[in-house]
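So the chains spell out like this:
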Amino acid sequence: MAHIRKPDGCHECSKRRIKCDKTEPRCFKCQKKGITCSGQGVRYRFWEGRACPSKDKRTVKSPRRKSTSQPSLTALPVVIPGCFDDDRGYCPVVDPWCKDYSMPEGDGIAFDAEEEEGEGIQVLNTWSEPSLGRPDHLRDFLRACTNPEPSVGMSTLDTRTRMLFQHFSDAVAPIMVVLDKQHNGYRDIILPLACECPIIQRAVSVVAAFHLSAQVPGLQESAQLGQLAIISKLRQDAGQLSPYRPFDISTWVTILVLLAGETVTGGNDFVYLLEMLKYITQIGKVELGVSASIHQFLLGQTRMFELFGFPLSEESKGKMVMRKDPDYYFDFITYSLDPQSELDQNIKGMKNAIRIACEIYRRRAESELPHNESIGLLEQLRQHVLTIEPNMEGAHALVWTYFVAAAESVLPSHRDFYTDRLRALFARTKFRSIPRALKSLEKIWEMQGLRRWTQIVADESPILVM
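Below: a short report on this structure. Note that the coordinates shown come from a computational prediction; the quantities given were computed from them, not determined experimentally. (Residues numbered from 1 in each chain as written. Predicted model: local features only at pLDDT ≥ 70, side-chain atom pairs only at ≥ 80, totals over all residues. Heavy atoms only, no water.)

### Digging into the packing of aromatic side chains
Piece 1. According to the stated counting rule, one finds nine aromatic pairs in the structure shown.
Piece 2. Centroid distance Y361 to W453: 5.7 Å. Interplanar angle 80 degrees. Geometry classified as edge-to-face. Placement of Y361 in helix α13 (residues 342-365) and of W453 in helix α18 (residues 453-460) is noted, with a sequence separation of 92 residues between them. The two residues Y361 and W453 agree in class, both being buried.
Piece 3. Here the aromatic rings of Y402 and Y418 are separated by 6.1 Å at their centres, their planes lie at 35 degrees, and the arrangement is tilted. Within this pair, whereas Y402 is found in helix α15 (residues 399-408), its partner Y418 is found in helix α16 (residues 412-429), the two being separated by 16 residues in sequence.
Piece 4. A relative accessible area of 1% means that Y402 is categorised as buried.
Piece 5. Cluster of aromatic residues (ring-pair linked, three or more members): F308, F330, F332 and W400.
Piece 6. Between K278 and the ring centre of F310, over which it is positioned, the NZ or CZ distance is 5.8 Å. (Phe/Tyr/Trp six-rings, centres within 6.5 Å; stacked < 30°, edge-to-face > 60°. Helix = DSSP H or I, 4+ residues; strand = E, 2+ residues; numbered from the N terminus. Buried < 20%, exposed > 50% of the residue type's maximum accessible area, 1.4 Å probe, protein only. Lys NZ or Arg CZ within 6 Å of the ring centre and 35° of its normal.)

### Quick notes on the packing of α15 against helix α17 (residues 433-446)
Helix-helix packing is described using two parameters, namely the angle between the two axes and the distance between the axes.
Piece 1. Contact pair α15 / α17: the axes reach a minimum separation of 10 Å and the direction vectors enclose 15 degrees. Taken together, α15 and α17 sit at an angle that is classed as roughly parallel. Crossing of α15 over α17 shows right-handed handedness. Where α15 abuts α17, its residues V399, F403, A406 and A407 lie against I434, A437, S440, L441, I444 and W445.
Piece 2. Among the residues forming the contact of α15 with α17, the class breakdown is nine nonpolar, one polar and no charged. (Axes fitted to C-alpha atoms, helices over the stretch in contact; angles between N-to-C directions. Parallel < 35°, antiparallel > 145°, perpendicular 65-115°, else oblique. Left-handed = near helix turned anticlockwise from the far one by under 90°. Contact = heavy atoms within 4.5 Å. Nonpolar A, V, L, I, M, F, W, Y, C, P; charged D, E, K, R; others polar.)

### A closer look at the layout of surface pockets
Piece 1. By volume, the second largest pocket is sized at about 1000 Å³.
Piece 2. Residue lining of the second largest pocket: 30 residues in total, with R16, K33, I35, D188 and S293 positioned closest to the centre.
Piece 3. Listed by contribution, the elements that provide at least two residues to the lining of the second largest pocket are α1 (11-15), α2 (28-33), α6 (185-196), α9 (249-265) and α11 (292-313).
Piece 4. Ranked by the residues each element gives to the lining of the second largest pocket, the list is headed by α6, at five residues.
Piece 5. Class assignment of the residues belonging to the lining of the second largest pocket gives a composition of 11 nonpolar, eight polar and 11 charged. (1 Å grid on protein atoms, 1.4 Å probe; cavity = no way out; pocket = protein on both sides within 12 Å on 5 of 7 lines; lining within 4 Å. Points joined across faces, edges and corners; volume = space filled by probe spheres on them.)

### A few points about the side chain of Q301
Piece 1. With respect to the element layout, Q301 can be found in helix α11.
Piece 2. Contact partners of Q301, with chain neighbours within four places excluded, come to M176, Y186, L256 and F332.

### Structural notes on the pattern of salt bridges
Piece 1. This model, assessed by the stated rule, comprises 18 salt bridges.
Piece 2. A salt bridge links E315 to R452; its shortest N-O distance comes to 2.9 Å. Of this pair, E315 sits in helix α12 (residues 315-322) while R452 sits in the loop between α17 and α18; the two residues are 137 residues apart in sequence, bridging distant segments of the chain.
Piece 3. In this structure, R364 and E408 form a salt bridge, with 2.6 Å as the shortest nitrogen-oxygen distance. Taken together, the residues span a long stretch of sequence, with R364 in helix α13 and E408 in helix α15 at a distance of 44 residues. Residues R364 and E408 agree in their burial class; the two are buried.
Piece 4. Connected via shared salt-bridge partners are K443, R451, D459 and E460. (Salt bridge = Lys/Arg side-chain N within 4 Å of Asp/Glu carboxyl O.)

### Observations concerning empty space enclosed by the protein
Piece 1. Here the structure, examined in full by the defined rule, presents seven cavities of 30 Å³ or more.
Piece 2. In this structure, the largest cavity spans a volume of roughly 140 Å³.
Piece 3. Taken together, I175, M176, V177, V178, T263, M304, F308, F332, H396, A397, F431 and M466 form the lining of the largest cavity.
Piece 4. Contributing elements (two or more residues each) for the lining of the largest cavity: α5 (159-176) and α11.
Piece 5. Its residues placed into classes, the lining of the largest cavity shows 10 nonpolar, two polar and no charged.

Structural data, given as structure tokens:
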């Protein structure tokens, strides 16, 4: 058992990264949110095994896996240089469930472990050269990204996971919401949940590693293995769902995080993840104790992925989505803003642009869009977004809209306008689904007039571009 110094405020406010008013017995901010406040007392953390890890260099090699019904997992190598275990005995990215690790000298990245005086908490803070060697840029990058003063929730995580969480907070969370204002659900809801739940923690680490792999290619393989392991676990859990038994909210959150990862990578696992998301939200009941604010955020993100995802996964499913009024899906882009502000006007313009894109998709999928009307709608959409420059706040919400418009375009002026917007947004977000979408446009334009592009994108190159 490790005694952690008394935090400055309650644990709940610390996890949400806000300043606690320190009211006893429950702070006003927790009362306002309707969550249970742990108060201002001293907290304790329990470890399995040793109370105070020894001062040694610890590394990890591949876990000795037992036989499983998932041969695709067991057949994969899992020796990932640079992936070390933490006090709970698992690798932050690769496998959240296997705990049979042997830790010989010489594999992976090693850190000098020290203990805070009187705390019994392991602090990984000094770089030691790995035996396999690693480029200097990665060493410097890990140093730069490690948060030196983590929050109370983050302080229980190992250095590597903390670095990945920090990157998720800084680079992924701001793009997954339209406005990165005072409240960002990916940062203020999902990250605190990830500090408490191993499977969400692995999903966040995987997505952050995928995004980082553009700068540090060595992270790509470990992220792919981690994603495969998590999806396998979700598949097993989904088989146990029942309309009569509530499902763990961690399943819902994990799927949403992995879908965010699909926009980062441009992968096609989103087709299966969307089906799983639809399945659990239709037949399952959320466990009790989930606050209204968390449920509202998760539902808003679910509808966003339905709106942007299903039309690009299968034309028939896209038609079903488009039968609803687009406003049904707009929780993710709805904010309380000053009606006279430029930002409010931009948000209204974005909503109108998405509505037009939905009409274009629906009518094209139903073969009800004559050539002249198509050009008219594309020009109408262009006029709506002319004043919304790609570097403006919230403009990244139009990625799906620009892709739909580009796919529909016949005139070179329209194609150039919408593809230029997509390239500008990629320069801002670094989400690799955008370059993949641009590449798929070449095939769509080659086959224009032979098949509907709503068929081509789903059959030839399904991609979650948003």
